[in-house]
Amino acid sequence: MKRILVTGGAGFLGSHLCERLLEQGNDVLCVDNYFTGSKSNIAHLYGNPHFEVLRHDVTVPLYVEVDEIYNLACPASPIHYQHDPVQTTKTSVHGAINMLGLAKRLRSRILQASTSEVYGDPEVHPQPESYWGRVNPIGIRSCYDEGKRCAETLFFDYWRQHNLPIKVVRIFNTYGPRMHPNDGRVVSNFIVQALRGLDITIYGDGSQTRSFCYVDDLIEALVRMMGTPENVTGPVNVGNPGEFTVLELAQLVLRLTGSAGRLVFRPLPADDPKQRQPDIALARDVLHGWSPAVQLEEGLERTIGYFRDRLVRLG
Ligand code: NAD
Ligand code: UDP
Ligand code: UDP
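Residues numbered from 1 in each chain as written. Chains lettered and ligands numbered in written order. Predicted model: local features only at pLDDT ≥ 70, side-chain atom pairs only at ≥ 80, totals over all residues. Heavy atoms only, no water.

Asker: Looking at this structure, I do not really get the overall build of the protein chain. What am I missing?
Answerer: On a plain count of helices and strands, the protein chain comes out with 10 helices and 13 strands. On C-alpha atoms alone, the protein chain measures out to a radius of gyration of 19 Å, which is about the 20 Å that the 2.2 N^0.38 rule sets for 315 residues. Principal-axis analysis of the C-alpha atoms gives the protein chain an extent of 55 × 45 × 40 Å. Out of the 315 residues in the protein chain, the part that is buried amounts to 56%. A sequence separation of at least 24 residues applies to 81% of the contacts in the protein chain between residues at least 6 apart. Both charge centroids of the protein chain, one from 32 positive and one from 35 negative side chains, sit 3 Å from each other. (Helix = DSSP H or I, 4+ residues; strand = E, 2+ residues; numbered from the N terminus. Rg over C-alpha atoms; globule rule 2.2 N^0.38 Å. Buried < 20%, exposed > 50% of the residue type's maximum accessible area, 1.4 Å probe, protein only. Contact = heavy atoms within 4.5 Å. Lys, Arg positive; Asp, Glu negative; His and termini not counted. Charge placed at Lys NZ, Arg CZ, Asp CG, Glu CD.)

Set out below in structure tokens:
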């Protein structure tokens, strides 16, 4: 049995990861400051004697004894990471330094949840890991994008300088049950709007594209990545290469929910990338043939089911 630390473990992805690691028979320590995560995401795990939760901010040093670390702590949606941008950069950068310091003391493996945002508004499409990106360093998304880029730098410097076994995964848009209903991300927004019979807000003309990965596929990739040989550091793209325009997504959500909501068009936020699609050739190779199994329609149906229940409970 391994002792595994998951930072950001009460969040959307973190809670699924904790669940998965417990199912595999591990001892899991979930660390979270509940900025965007919530106890309700992990409450069903409280009775498990192998699950432990610590309210803690990763910008502050942490002294615990574990065998592996998954570093997911960081607000991920534009609304949340722009709420306190200085704190967002601190979470990525100071959080990475502390978790890397912890991993260095323990000589443990450490995985960083990086992001497709490191590619910014890309001029290479789809994006392979070798592409360095096109990121605005002083814009409203920079606290997140540059924070994550600096965290990657730190990971690779701890690897070069201290020979630390690192794993860096660049996650592309992921969706599923336990997404925050008010985080403004496109999948949760459209589903909640559709279920409430409200207008569906399309930013810009809806021709921008994204590639949406269902959470279970993503978690599988994270766990496989942690298990790769030490020479596999990444960065590795993980996501679903199926590419859809935002307009197509809106139409699909309307059809699957049977909603009578109308499409309304709103201004496109600053620095909003026009297209995004992962090149997952490397992931397929190093993660033993991993590729996403859940198609968008099926994943949306499961996510719609979750939000339907949740909205009924919230009233
Ligand atoms: P989320 O907001 O649901 O989860 C983040 C968690 O981190 C929350 O529980 C939050 O409370 C916690 N947290 C934030 N700041 C913290 C701090 N200073 N100390 C301790 N805990 C803190 O978001 P998510 O979608 O689950 O994202 C998890 C990770 O995956 C993030 O690092 C994010 O950047 C990355 N990621 C997610 C996506 C996606 O599409 N969901 C895409 C790319 C990258
Ligand atoms: N750190 C931590 N837990 C540990 C070991 C280190 O939180 O178990 C923090 C420590 O406070 C430091 C950071 O990780 O600020 C980086 O540690 P490292 O040993 O790399 O650097 P140094 O302590 O030499 O600055
Ligand atoms: N978007 C939209 N309507 C919404 C929320 C988002 O049209 O209600 C668009 C947004 O402008 C972006 C895409 O959907 O082009 C994905 O947005 P999200 O915030 O989910 O992710 P990111 O931009 O970080 O990929």
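Asker: Sorry, what's going on with the site of ligand 2 here?
Answerer: Around ligand 2, the neighbouring residues are Pro-61, Leu-62, Tyr-63, Ile-97, Asn-98, Gly-101, Leu-102, Lys-104, Arg-105 and Tyr-158. In the environment of ligand 2, a nitrogen atom lies 2.7 Å from a nitrogen or oxygen atom belonging to the backbone of Leu-62. Take Lys-104: an N or O atom from its side chain is 2.9 Å from an oxygen atom of ligand 2. For ligand 2, the accessible surface in isolation is 510 Å², of which the surrounding protein chains cover 64%. In terms of residues, the shell around ligand 2 owes the most to one element, helix 4 (residues 85-106), which gives six residues. In the shell around ligand 2, the residues fall into six nonpolar, two polar and two charged. (Near = heavy atom within 4 Å. Polar contact = N/O pair within 3.5 Å; in protein donor to acceptor, adjacent residues only side chain to side chain. Areas by Shrake-Rupley, 256 points an atom, 1.4 Å probe, with all protein chains shown as cover. Nonpolar A, V, L, I, M, F, W, Y, C, P; charged D, E, K, R; others polar.)

Asker: Would you mind going over the pairing of strand 6 (residues 166-171) with me for this structure?
Answerer: The side chains of a regular strand alternate between the sheet's two faces. The element strand 6 is largely enclosed, with a buried count of six among its six residues. Burial of the side chains of strand 6 extends over both faces: Ile-166, Val-168 and Arg-170 are buried on one face and Lys-167, Val-169 and Ile-171 on the other. Of the strand pairs in this sheet, strand 5 (residues 109-115) and strand 6 are connected by six bridges, and their pairing is parallel. In the strand pairing of strand 6, Leu-111 is matched with Lys-167. After leaving strand 5, the chain enters helix 5 (residues 142-162) and then returns to the sheet as strand 6, a path that is right-handed. Of the pairings in the sheet, the one linking strand 6 to strand 11 (residues 236-238) comprises three bridges and is parallel in character. Its bridge partner being in strand 11, Ile-171 is matched across the sheet by Val-238. (Pairing = 2+ DSSP bridges. Right-handed = clockwise from strand over helix to strand, strands pointing away.)

Asker: Honestly, unusual backbone geometry in this entry has me stumped. Any pointers?
Answerer: Generally, phi is negative for residues other than glycine and the peptide bonds are trans, each holding for most cases. Residue Pro-126 is reached from His-125 by a cis peptide bond, and omega for that bond is -10°. Relative to the helices and strands, Pro-126 resides in the loop between strand 5 and helix 5. Cis peptide bonds are those with omega within 30 degrees of zero, and the linkage from Gly-234 to Pro-235 qualifies with 0°. On the secondary structure map, Pro-235 appears in the loop between helix 7 (215-226) and strand 11.

Asker: What's the story with helix 1 (residues 12-23) in this structure? I'm lost.
Answerer: Note: α-helices contain 3.6 residues per turn, so residues at a spacing of three or four share the same orientation. If you check helix 1, its first and last C-alpha atoms are 17 Å apart, about what 12 residues at 1.5 Å a residue would give, namely 16 Å. Within helix 1, 10 of the 12 residues are buried, leaving the element largely enclosed by the surrounding structure. Those residues of helix 1 lying buried are Phe-12, Leu-13, Gly-14, Ser-15, His-16, Leu-17, Cys-18, Glu-19, Leu-21 and Leu-22. (Expected span 1.5 Å × (residues − 1).)

Asker: I'm lost on the side chain of Ser-77 in this one. Help?
Answerer: Within the secondary structure, Ser-77 sits in the loop between strand 4 (68-71) and helix 3 (78-81). Ser-77 has contacts with Asp-183 and Arg-185, leaving out every residue within four places of it along the chain.

Asker: I keep staring at helix 6 (residues 186-195) and nothing clicks. Help me out?
Answerer: Where burial is concerned, most of helix 6 is hidden: eight out of the 10 residues are buried. If you check which residues of helix 6 are buried, you get Val-187, Ser-188, Asn-189, Phe-190, Ile-191, Val-192, Gln-193 and Ala-194. Where helix 6 ends, the next residue or the one after it, Gly-197, has phi of about 70°, a positive value.

Asker: What am I meant to see in the packing of aromatic side chains here?
Answerer: Under the counting rule described, the total for this entry stands at six aromatic pairs. Residues Tyr-81 and Tyr-144 carry aromatic rings whose centres are separated by 4.4 Å and whose planes lie at 5° to one another, so their mutual orientation is stacked. With Tyr-81 in helix 3 and Tyr-144 in helix 5, this pair connects stretches of sequence that are 63 residues apart. With respect to burial, Tyr-81 and Tyr-144 carry one shared label: buried. Between Tyr-175 and Tyr-214, the ring centres sit 5.6 Å apart and the planes meet at 70°, which makes this aromatic pair edge-to-face. In this pair, Tyr-175 is assigned in strand 7 (residues 174-175) and Tyr-214 in strand 10 (residues 213-214), connecting sequence segments 39 residues apart. You'll find Tyr-175 and Tyr-214 in the same group, each marked buried. An aromatic cluster of at least three residues, connected via ring pairs, comprises Tyr-119, Tyr-131 and Phe-172. (Phe/Tyr/Trp six-rings, centres within 6.5 Å; stacked < 30°, edge-to-face > 60°.)

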